[in-house]
Amino acid sequence: MRFGPVPVAEAEGAILAHSLAFDGRTLRKGTRLDAAHLAALAAAEVETVVVARLEPGDVHEDEAAARLATAVAGPGVTVDAPFTGRANLHASANGILVVDRAAIDAFNRADPAITLATLAAHAPVTAGQMVATVKIIPFAVRHDPLEAAERIAAASALVRVAPYRPLKVGLVATVLPSLKPSVMDKTRRMTEARLKPAGATLLAERRVEHDADAIAAALSELAREGAELSIVFGASAMVDADDVVPAGLRTAGGRVLHLGMPVDPGNLLLLGELGGRPVIGAPGCARSPRENGFDWVLGRLLAGLQVGPEEISGLGVGGLLMEIASRPQPRETPEPKAPKVAALVLAAGQGRRMGGPNKLLAEYRGRSLVRTVVDAALASRAASVTVVTGHRRADVEAALAGTAVQWVHNPDYEEGLSTSLRQGVASLAADVDGVLVMLADMPLLTAPILDRLIAAFDPAADRLVVVPTHDGKRGNPVLWSRAFFAELQAIEGDTGARHLIGAHADAVVEVEIGPEVALDLDTPEALRAAGGTLPA
């Protein structure tokens, strides 16, 4: 392939190397230049262009990408049409991604022009999800390295998806006085949630004494009922091959294949078999929804992949999972608690567009606007309600007399909304996980609406900013994680935090609510239209 600048008059049939803007139009990179293109360029007085010209023995990037992606794709993988030298591969079913690491390395070393990138080996994937991409770096690749890469791909399924199997799963849970029934109920729910993406079902659960004979009897019973995989949750952690859970498996006639795994959380996992069917002794962390080593083993078994001592002992690289940093005791698995959310009602503004009277004291359905909003907050799941006052402070406090709110006064309210936000956030307790920032002139908000927003807040799942919507348009109030408190306090002027939502789009979850989150009463006309009246 020849590459470089050429006079426009000599560029017909060449491939444009860089996008080019002129006379209000744009020619995109990769465009094959024809006579009309050249005439337009000449009319715009463009004298040279950087192009690529294919030579004998070159294969165009799109053709090469299509050929290689087709060669790479194994069972359970589909290939998109190529574009700009790229062809994407997608899973055709829910399952586990299987890649041949050595073959992929050899494929990528066939030529610098040829690249293949995939998700991590054994990643759980869903139907339609992109799992890999083939990209040709220049505009063409030579025949010889292309064919060499195809030969590598032909010798092995470089990228495939092992589909999940809808297995019937038995669950055994042992009981001790120290283990609450609510924890066992949650364990069952978490197990069912883990089985759902695979189409697997919980055949039955047996709750038995923390005793080897009781475990053996339960496993044998589930096997007779048709369990194709069994999971045992011990009421206390397994610390030895002769502990209660492995002893129960052996008593039932099964075998312990491996105890322990180099994944944390998930170290204390047992892998065994009973009657040729797998048995997992679950670590305590499997009671939590967070990813742990149990998920890795369960997913592979549900997809019919080989899991034995060699596979488990090979999980150490990458086996230190990030969330363990938040666990104060690596050997303990505390039950997750619901995030603590505070409501912050901003009631300091002057309401200049209302024309004089304090709009927060306007009546709406027999109550002042500010009282209506605060009552909704107090009736919600919010752990506390803080009201920021400023303009006509005494009147606002009188309107809220007798309510269980915390007060923060903002003496700088004339400088804008940001000052109230700063004062309010700074006043929140140290154990608050998030704040629901509410405007005091939105009377249609109700406790159930606020509870829906609070329920959508999940810092453990990176759902850090909860935004209500109406017909796809964002409204108020917005719930912010403590992770953004410093940025909220850094805002200046008469503005809110809307720009931070765009800056942290990956942390945002939207909840469609309805018109209640779009109505704020800023003018007399809006107030009258909603059925409210201004104070005397």
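Shown above is the structure to which this text applies.
The following paragraphs examine the structure supplied in this document. (Residues numbered from 1 in each chain as written. Predicted model: local features only at pLDDT ≥ 70, side-chain atom pairs only at ≥ 80, totals over all residues. Heavy atoms only, no water.)

All told, the structure shown has 20 salt bridges when counted by the stated rule. The partner of Arg-392 in a salt bridge is Asp-395, and the shortest N-O contact between them spans 2.6 Å. Owing to a relative accessible area of 38%, Arg-392 belongs among the partly exposed residues under this scheme. Overall, Asp-395 belongs to the partly exposed group, its relative accessible area being 30%. Via salt bridges that share partners, Asp-185, Arg-188, Glu-192, Glu-205 and Arg-207 belong to a single interconnected network. (Salt bridge = Lys/Arg side-chain N within 4 Å of Asp/Glu carboxyl O. Buried < 20%, exposed > 50% of the residue type's maximum accessible area, 1.4 Å probe, protein only.)

Our focus in this paragraph is the packing of aromatic side chains. The full count for this structure, using the stated rule, is 2 aromatic pairs. Each ring, one from Phe-233 and one from Phe-294, has its centre 6.2 Å from the other, and the planes form 55°; the classification is tilted. With Phe-233 in strand S17 (residues 229-233) and Phe-294 in helix H8 (residues 293-302), this pair connects stretches of sequence that are 61 residues apart. Look at Trp-480 and Phe-484: their rings are 5.9 Å apart centre to centre, the planes differ by 80°, and that puts the pair in the edge-to-face class. Since its relative accessible area comes to 2%, Trp-480 is described here as buried. (Phe/Tyr/Trp six-rings, centres within 6.5 Å; stacked < 30°, edge-to-face > 60°. Helix = DSSP H or I, 4+ residues; strand = E, 2+ residues; numbered from the N terminus.)

Attention now goes to the nonpolar core. Membership of the largest hydrophobic core comes to 35 residues, with the highest contact counts inside it found for Val-345, Val-370, Met-438 and Val-466. At the level of secondary structure, the elements contributing two or more residues to this core comprise strand S21 (341-347), helix H10 (369-379), strand S24 (384-389), helix H11 (393-399), strand S26 (434-439), helix H13 (447-456) and strand S30 (508-512). Once you skip the residues sitting within four places of it in the chain, Val-345 turns out to touch Val-373, Val-374, Val-385, Thr-386, Val-387, Val-388, Met-438 and Ala-440. Core analysis: the next-biggest nonpolar cluster, separate from the first, contains 33 residues, Ile-96, Leu-167, Ile-231 and Val-297 among them. (Core = buried A, V, L, I, M, F, W, Y, C linked by side-chain atoms within 4.5 Å. Contact = heavy atoms within 4.5 Å.)

Here the focus is the side chain of Glu-273. Along the chain, Glu-273 turns up in strand S19 (residues 270-274). For Glu-273, a relative accessible area of 17% gives the class buried. One polar contact links Glu-273 to Arg-255, side chain to side chain, over a distance of 2.8 Å. In terms of polar contacts, Glu-273 uses its side chain to reach the backbone amide nitrogen of Gly-276, at 2.9 Å. Once residues within four sequence positions are removed from consideration, Glu-273 is found in contact with Leu-249, Gly-254, Arg-255, Leu-257, Pro-278 and Val-279. (Polar contact = N/O pair within 3.5 Å; in protein donor to acceptor, adjacent residues only side chain to side chain.)

The next thing to look at is the environment of Arg-381. Among the secondary structure elements, Arg-381 is positioned in the loop between H10 and S24. Residues Arg-381 and Ala-455 lie 74 residues apart in sequence; the distance between their C-alpha atoms is 9.0 Å. Excluding its chain neighbours within four sequence positions, the residues that come into contact with Arg-381 are Asp-451, Ile-454 and Ala-455.

To continue, consider the pairing of S17. Burial analysis of S17 places 5 of its 5 residues in the buried class, which makes it a mostly covered element. Residue alternation in S17 divides its side chains into two sets, Leu-229, Ile-231 and Phe-233 and Ser-230 and Val-232, and both sets are buried. Here 5 bridges tie strand S15 (residues 168-175) to S17, and the two strands are oriented parallel to one another. When the bridges of S17 are listed, Val-169 appears paired with Leu-229. (Pairing = 2+ DSSP bridges.)

Quick look at unusual backbone geometry now. Here the bond from Asp-264 into Pro-265 is cis, since omega is 5°, no more than 30 degrees from zero. Position of Pro-265 among the secondary structure elements: in the loop between strand S18 (255-259) and S19. Residue Pro-477 follows Asn-476 across a cis peptide bond; omega there is 5°. Assignment of secondary structure puts Pro-477 in the loop between strand S28 (473-474) and strand S29 (478-481). Even without glycine at this site, Glu-45 takes up a positive phi of about 65°. For Glu-45, a relative accessible area of 68% gives the class exposed.

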